[in-house]
Amino acid sequence: MFIKEIINTLTAPYVLITAAAILLLTSLKYPHKFYTNRVGAIVFAGMFLFLGLSILDPNFRLIVTKPDNVPIVGMLFLIPFFTWFAMREAVRNDQRIAEGKPLIEQEETAEKVLTWPDLVYTELICMVVLTVLLIGWSMALQAPLEDPANPSSSPNPSKAPWYFLGLQEMLVYFDPWLAGVVFPGLIFVGLMGIPYIDTNPKGNGYFTLKERRWEITTFLFGFLILWILLVILGTFLRGPNWNFFGPYEYWDIHKLEALVNVNLSEYIWVKGLGMGLPKNPLIREMFGFLIILGYFLLLPPLFAKKWFKGFYATLGPVRFHVMMFLLLCMAALPIKMVLRWLFNLKYIIGIPEYFFNI
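The shown structure was predicted, so the numbers you read here are calculated from the model rather than taken from an experiment.

(A) Summary view of the packing of helix α6 (residues 70-99) against helix α11 (residues 213-237). α11 packs onto α6 with a crossing angle of 165° between their chain directions and a minimal axis gap of 11 Å. If you check the angle between α6 and α11, you find them roughly antiparallel. Judged by the sense of rotation from one axis to the other, the crossing of α6 with α11 is left-handed. Residue-level contacts link I72, V73, M75, L76, I79, T83 and M87 of α6 to I216, L220, F223, L224, I228, V231, I232, T235 and F236 of α11. Among the residues forming the contact of α6 with α11, the class breakdown is 14 nonpolar, two polar and no charged.

Now the structure itself:
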């Protein structure tokens, strides 16, 4: 029981996301120590051991074995494996480049095979194996079909499909116009703009980390920490009333968390200055406007002069500021999450009169 309580505490969202971010950044800083066969075997053996022992707990087993959640459990192993495999190949290629040897991809493409029979046989075997797997899966698990929709009886918790759980988690910290429209729109625009912002030809067609460290770090942080981890939180740790529950904690529908979310203007005017809130929303929220404007207008020049001099010289002012705007928008999510968890901060700018909240 004591070990379960420790694990429930360590899987609090702010602890989990912080630990995952530190582990990811540390592994990318020292890739030769992390992305090896030995470390990979130890990590995945530990993951399987944790799953095997945890499945003995009835509360854990109830959540993990739900037919809806079984594919997410598989994703917990597949995504780390392919991330580790790609990084291991990148480390091997970086070593080969340093030693003057040909790339792994160059050696593999030098060995030509015929489409028939080599490729067709391999595809046929994969098709048979996957067909057997899907048939066995459908026989072992009941189809996750629920009762017909009833507006008078909503499920608790009411969750979106797994691929939208990241957006649903974002709605906890941002208004719908931001979490459901602006941020997804920026994601699509940013993805389309990557080839025009980053024109570096290195790493094109082969694995490498040393030549693309910044780009790979940014992508993995955005994909693993700000998307996959949010899906995991929404699937396994968000329970009734959208409260957080530990992996071994019973999903009690009567659990209540006394949280009083406070806007930044209330912290400053009421708690800091001991005054009432001004009636004029522009005056009331002027501190929030200053913070947001400073965040987007002052940080890019500061980064260009101090930490990102090389990027500014390579990209130029226009592409650099577009890149910084997208990065700052991406960083806004973990910043807002930490502020909510630590200070119960609801909105930096809160103008409900005009439905404008940030």
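(B) Fine view of a nonpolar patch on the surface. Together, L78, F81, F82 and F85 line one region of the surface with nonpolar side chains, adding up to about 380 Å² of accessible area. Note that L78 resides in helix α6.

(C) The packing of aromatic side chains, seen in detail. A complete count under the given rule lists 26 aromatic pairs for this structure. Here the aromatic rings of F289 and F356 are separated by 6.4 Å at their centres, their planes lie at 10°, and the arrangement is stacked. Residue F289 is located in helix α14 (residues 286-297), and its partner F356 is located in strand β2 (residues 356-357); the two are separated by 67 residues in the primary sequence. Its relative accessible area of 29% is what places F356 among the partly exposed residues. Connected via pairs of aromatic rings, a cluster forms that spans F44, F81, F82, W84 and F85. Here R238 stacks its cationic end above the ring of F244, 3.7 Å away from the centre of that ring.

(D) Spotlight on unusual backbone geometry. A cis geometry characterises the amide bond from W116 onward to P117, with omega recorded as 10°. Note on placement: P117 falls in helix α8 (residues 115-140). Across the junction of N156 and P157, the peptide omega takes the value 5°, indicating a cis bond. Structurally, the position occupied by P157 is in the loop between α8 and α9 (165-173). Even without glycine at this site, N344 takes up a positive phi of about 55°. Following the sequence through the fold, N344 ends up in the loop between α16 (309-343) and β1 (350-351). We classify N344 as partly exposed; its relative accessible area is 23%.

(E) Focus on the side chain of D175. Relative to the helices and strands, D175 is located in the loop between α9 and α10 (176-197). One buried charged residue, D175, remains without a salt bridge, the closest side chain of opposite sign being K346 at 7.1 Å. Sequence-distant contacts of D175, that is, excluding residues within four places in its chain, are made with Y347 and N357.

(F) Seen up close, the side chain of D57. Relative to the assigned elements, D57 resides in the loop between α4 (37-54) and α5 (58-64). Judged by its relative accessible area of 6%, D57 is buried. A distance of 3.1 Å separates the side chain of D57 from the backbone nitrogen of N59, its partner in a polar contact. Every residue in contact with D57, bar those within four places of it in the chain, is listed here: K4 and Y248.

Rules of the game
Residues numbered from 1 in each chain as written. Predicted model: local features only at pLDDT ≥ 70, side-chain atom pairs only at ≥ 80, totals over all residues. Heavy atoms only, no water. Axes fitted to C-alpha atoms, helices over the stretch in contact; angles between N-to-C directions. Helix = DSSP H or I, 4+ residues; strand = E, 2+ residues; numbered from the N terminus. Parallel < 35°, antiparallel > 145°, perpendicular 65-115°, else oblique. Left-handed = near helix turned anticlockwise from the far one by under 90°. Contact = heavy atoms within 4.5 Å. Nonpolar A, V, L, I, M, F, W, Y, C, P; charged D, E, K, R; others polar. Patch = residues over 30% accessible without salt bridge, like charges linked within 9 Å, V, L, I, M, F, W, Y side chains within 5 Å. Areas by Shrake-Rupley, 256 points an atom, 1.4 Å probe, with all protein chains shown as cover. Salt bridge = Lys/Arg side-chain N within 4 Å of Asp/Glu carboxyl O. Phe/Tyr/Trp six-rings, centres within 6.5 Å; stacked < 30°, edge-to-face > 60°. Buried < 20%, exposed > 50% of the residue type's maximum accessible area, 1.4 Å probe, protein only. Lys NZ or Arg CZ within 6 Å of the ring centre and 35° of its normal. Lys, Arg positive; Asp, Glu negative; His and termini not counted. Polar contact = N/O pair within 3.5 Å; in protein donor to acceptor, adjacent residues only side chain to side chain.

Nothing here speaks to function; it is geometry throughout.
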